[in-house]
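# Architecture and fold: a report
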Amino acid sequence: TMAALPPVLAMGGELKNTLCLLQDGQAVLSQHLGDLHDAATAREFEETIRLYRRLYEHRPAAIAVDAHPGYHASQVGRQLGAELGVPVIEVQHHRAHIAAVLADNAWPADGPPVLGIALDGSGYGDDGTIWGGEWFVGAYTHLRRVAHLRPVPLPGGSKAILEPWRMLFAHLDAAFGWDDFQARVGRLHLARELAERPIDLLRQMTAGGLNAPLTSSCGRLFDAVAAALGICVERIAYEGQAAIELETRCGSLRGVTGYPFRLVDDGGPRVLDPAPMWQALCEDLAVGAEPARMATRFHAGLADAVTALSVALAAEHGITTVALSGGVFQNRTLFEALSERLRTAGLQVLGHRRVPANDGGLALGQALAGALLLPATDRSADSQRHLARP
């Protein structure tokens, strides 16, 4: 049971940071601390750790951190682990999201495996690339990655998050090849507008893999589609703006023919490839379709494609429950359309109820995964006392 779990302090993520203290079968999530890139927030973060540990007389048997080597929260966690002489457990970002939604639904620690779908902007993946469109099989721990969105380069690294036109280039280049795209739809306003930007520089970056890490991010796919429709092309003013504005353009998905996606199965994890979606979207652009219609077709097509892939994976692994987490699921249009489709296919759907789907809920997942990953030898009362000496 959860009550038997050791006390764990989880450090959360880099954006929308919250902390989590796990103790006596209860998880205490801190107030929203915010973005740790900000120096004042980073100071408040360290102050909050001290305050909560004192208030709850919390002596952690382990510290749980995100696997990203550069996260401030993870660095502070490693330091604290060294000071206290307790193990530091790394929990990969998207697996922490799945553990968080399971905890939010009081899924038992020894419950059956689920199909976890984590869709968000970015998180550090096992292979050192940036994940954000991931399918896993497992429960709180031992989540095996069984599928993902097709990775594309992130031209300019974090710049590509702020300037959606960069992601639009990356996706079009992946779907068509840039020269082919220019030849086929060079007359499109979209192509002319992109051609005015430093595309040659981006092509060199992506060809040489220089400051262009690969990403399977669903959030960045939303950014690219938004830019294609003329939304936030130049840059965003706040995190997630392009995707949020894309959703507001969306009408009802009932009876809408979604854009097609392609499922690639070559023996490894399945890959969901948006290339056919880009071909169909460019055809719509060429005939001057309404942005609202294109936004709606994108949402419907994504919901259909995620459903088809998930139903196939669930059947293959004998799974009846799907767990949805990650910031993309704050998009109600997508979340509701996908949930309805999955339920119609006979699957149970778990979504977030009390903690946010975005990184504000990450620490809860880290705490539970961390506690369950802690070797049994470190869980006994004796070793806990020994480990937890301040």
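Residues numbered from 1 in each chain as written. Predicted model: local features only at pLDDT ≥ 70, side-chain atom pairs only at ≥ 80, totals over all residues. Heavy atoms only, no water.

### Brief notes about the pattern of salt bridges
In this structure the tally under the stated criterion is 20 salt bridges. The salt bridge involving Arg50 is made with Glu47; its shortest N-O contact spans 3.0 Å. Of this pair, Arg50 and Glu47 both sit in helix α1 (residues 39–55), 3 residues apart, roughly one helical turn. A salt bridge links Glu134 to Arg145, with the nearest nitrogen and oxygen atoms 2.6 Å apart. Highlighted residues: Glu134 in strand β7 (residues 130–138) and Arg145 in strand β8 (residues 144–149), separated in sequence by 11 residues. Beyond isolated ion pairs, a larger network of salt bridges with shared partners links Arg150, Arg262 and Asp273. (Salt bridge = Lys/Arg side-chain N within 4 Å of Asp/Glu carboxyl O. Helix = DSSP H or I, 4+ residues; strand = E, 2+ residues; numbered from the N terminus.)

### Points about the packing of helix α5 (residues 164–176) against helix α11 (residues 275–286)
For the pair α5 and α11, the least separation of the axes is 9 Å and the interaxial angle reads 105°. Viewed along their axes, α5 and α11 adopt a mutual orientation that is roughly perpendicular. Residue-level inspection shows Leu168, His171, Leu172, Ala175 and Phe176 of α5 in contact with α11, the latter providing Ala275, Trp278, Gln279 and Cys282. In the contact of α5 with α11, the residues fall into 7 nonpolar, 2 polar and no charged. (Axes fitted to C-alpha atoms, helices over the stretch in contact; angles between N-to-C directions. Parallel < 35°, antiparallel > 145°, perpendicular 65-115°, else oblique. Contact = heavy atoms within 4.5 Å. Nonpolar A, V, L, I, M, F, W, Y, C, P; charged D, E, K, R; others polar.)

### Concerning helix α14 (residues 362–373)
One turn of an α-helix holds 3.6 residues; hence residues three or four places apart share an orientation. The terminal C-alpha atoms of α14 lie 16 Å apart, and with 12 residues this matches the ideal 16 Å at 1.5 Å per residue to within 8%. Of all the 12 residues making up α14, 10 are buried; the element is thus mostly covered by neighbouring parts of the structure. Every buried residue belonging to α14 is among Leu362, Ala363, Leu364, Gly365, Gln366, Ala367, Leu368, Ala369, Gly370 and Ala371, and all of these are buried. Packing partners of the buried residues in α14 comprise β1 (8–10), β2 (20–23), β3 (26–29), β4 (62–66), β5 (88–91) and α3 (93–104). (Expected span 1.5 Å × (residues − 1). Buried < 20%, exposed > 50% of the residue type's maximum accessible area, 1.4 Å probe, protein only.)

### Here we look at the state of the cysteines
Under the definition given, this model contains 0 disulfides. Cys232 takes part in no disulfide bond, and the closest cysteine sulfur, belonging to Cys250, lies 16 Å away. With no disulfide partner, Cys282 has as its closest neighbouring cysteine sulfur the one in Cys218, 18 Å distant. For Cys282, a relative accessible area of 3% gives the class buried. (Disulfide = S-S within 2.5 Å.)

### Some words on the packing of aromatic side chains
Per the stated rule, a full pass over the model turns up 7 aromatic pairs. Summarising the aromatic geometry, the rings of Phe329 and Phe335 are spaced 6.2 Å apart at their centres and angled 75° between planes, so their arrangement reads as edge-to-face. Aromatic rings pair up to connect Phe169, Phe176, Trp178 and Phe181 into one cluster. Lying across the ring of Trp131, Arg145 places its NZ or CZ 3.8 Å from the centre. (Phe/Tyr/Trp six-rings, centres within 6.5 Å; stacked < 30°, edge-to-face > 60°. Lys NZ or Arg CZ within 6 Å of the ring centre and 35° of its normal.)

### Some points on unusual backbone geometry
In this model, Lys16 sits at a positive phi of 50°, which is unusual for a non-glycine residue. If you trace the backbone, Lys16 turns up in the loop between β1 and β2. Although it is not a glycine, Asn211 sits at a positive phi angle of roughly 50°. On the secondary structure map, Asn211 appears in the loop between α8 (199–208) and β10 (214–215).

### Quick word on the pairing of β3
As paired elements, β2 and β3 share 4 bridges and run antiparallel to each other. Residue pairing across strands places Cys20 opposite Leu29, the latter belonging to β3. Hairpin connection of β2 to β3: 2 residues between the antiparallel strands, including Asp24 at a positive phi of 50°. (Pairing = 2+ DSSP bridges.)

Read these as layout, nothing more, since geometry by itself doesn't imply function.
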